[in-house]
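Coordinate analysis (summary)
The primary structure of each chain is shown beneath.
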Amino acid sequence: MKVNAYAASEPKGKLAPFSYEPGKLGSEQVDIKVSHCGICHSDLSMINNDWGMTEYPIVPGHEIVGEVVATGAAVKNIKIGDKVGLGWFSASCMSCQQCMEGSHHLCSNNEATIVGRHGGFADYVRGHWSWAIPLPEGIDLSKAGPLLCGGITVFNPIILAGVKPTDTVGVIGIGGLGHMALKFLKHWGCEVIAFSSNPAKKEQILKMGATKVIDSTSPQELESIQGTVNFILNTTNVTLDWDSYLTALAPKGKFHTVGAVLEPMAIPAFSLLGGEKSVSGSPLGSPALTKTMLDFCVRHNIYPTVEEFPMEKVNEAIKHLEDGKARFRIVLKN
Ligand SMILES: [Zn+2]
Ligand SMILES: [Zn+2]
């Protein structure tokens, strides 16, 4: 078997056609014929070796949907012909405390789809059966890819924080992650505030389910919602005035970040103490919750807003994302 892919061979390098031989299929692995693959900011970070763990050549792509074409002898639950999705993780140990509790995404021996192995900007990709998430009947394959990384990243916190339909919630940063969060929270039943610094996106943000858009660059606007928000989800990786968001929280409110903020976050203790407020973070989500999220998406017709590029235009698509022009997530199609 030969896999035809697109790979970068140096930091910030353009992607070029690249083929490789994946070797013998492991007994618990499946091969997936890639139909669509989303582009995530983490793909850019890995291409550029921002996290110091990239091995070149790298085939990015970890928001994959496609069809199972081969299964190892010990694969469970999945058969050839099944439609599945593969996200950031491609395997976990299946025996540690976290895996045994169903929190495979917290396994310390996890394998990531594009770390030290090749991802989904390709015609085929391989993964452990546990992370090949069965796609529900009727799902739109052309839009589902981003749910496997960006989607579950913002869905998991809604469960972790116990967000109720009666809650007022806020989402900081309405890009690839944030716009999916808006759609989930609207269908959850919440009053949804979008914090955005880009007034040009306002109409679109309201259409996606926000009840109100707050200009995150305006201290007055932030002050106007003081003490009213039960849950705030941060999807940005830049330093903001965190205290003004903690002040926006209602008593017992929760501030949760999925944005990998590059600098230490300044959290004044007094902003937490008086109202029993908390600050937390999380990475992605478990395979079981990913499945639950996909069912929820099909039930309510929730999909990311995507722009589609053919796989061979991958460099154009990456440039579009780097230029900040993506509205709101890019999907590559084979
Ligand atoms: Zn990702
Ligand atoms: Zn484990």
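To keep things clear, this report deals only with the structure shown in the data block. Given the structure is predicted, the values throughout are model-derived calculations rather than measurements.

Another aspect to go through is the coordination of the zinc ion (ligand 2). Coordination of the zinc ion (ligand 2) by the protein is provided by Cys-93 (SG), Cys-96 (SG), Cys-99 (SG) and Cys-107 (SG), with metal-donor distances spanning 2.3 to 2.4 Å. Every donor counted, the four donor atoms about the zinc ion (ligand 2) form angles of 104 to 116° at the centre, which fits tetrahedral coordination. The class for Cys-93 is partly exposed, based on a relative accessible area of 28%. Owing to a relative accessible area of 6%, Cys-107 belongs among the buried residues under this scheme.

What characterises a pair of aromatic rings is the spacing of the ring centres plus the angle enclosed by the ring planes. Overall, the coordinates contain nine aromatic pairs when judged by the stated rule. Note on Phe-18 and Tyr-20: the rings are 6.1 Å apart at their centroids and 25° apart in plane angle, and the pair reads as stacked. Ring geometry for Trp-51 versus Trp-88: centroids 6.4 Å apart, planes at 80°, classification edge-to-face. Taken together, the positions of Trp-51 in the loop between helix H1 (41-47) and strand E4 (64-71) and Trp-88 in the loop between strand E5 (83-86) and strand E6 (89-91) put the pair 37 residues apart, joining distant regions of the chain.

Close contact between helix H4 (residues 150-160) and helix H5 (residues 176-188) brings their axes to 9 Å; oriented N to C, the two are set at 45°. Classified by the angle their axes make, H4 and H5 are oblique. Here H4 runs over H5; the crossing is right-handed. In this structure, H4 uses Gly-150, Gly-151, Thr-153, Val-154, Phe-155, Ile-158 and Ile-159 to contact H5, whose residues at the interface are Leu-177, Met-180, Ala-181, Phe-184, Leu-185 and Trp-188. Of the residues contributing to the contact of H4 with H5, the split by class is ten nonpolar, three polar and no charged.

Cut-offs applied
- Residues numbered from 1 in each chain as written.
- Chains lettered and ligands numbered in written order.
- Predicted model: local features only at pLDDT ≥ 70, side-chain atom pairs only at ≥ 80, totals over all residues.
- Heavy atoms only, no water.
- Donors = N, O, S within 2.8 Å, 3.2 Å for Na, K, Ca; no water.
- Tetrahedral: all angles 85-135°; square planar, octahedral: opposite > 155°, others 65-115°.
- Buried < 20%, exposed > 50% of the residue type's maximum accessible area, 1.4 Å probe, protein only.
- Phe/Tyr/Trp six-rings, centres within 6.5 Å; stacked < 30°, edge-to-face > 60°.
- Helix = DSSP H or I, 4+ residues; strand = E, 2+ residues; numbered from the N terminus.
- Axes fitted to C-alpha atoms, helices over the stretch in contact; angles between N-to-C directions.
- Parallel < 35°, antiparallel > 145°, perpendicular 65-115°, else oblique.
- Left-handed = near helix turned anticlockwise from the far one by under 90°.
- Contact = heavy atoms within 4.5 Å.
- Nonpolar A, V, L, I, M, F, W, Y, C, P; charged D, E, K, R; others polar.

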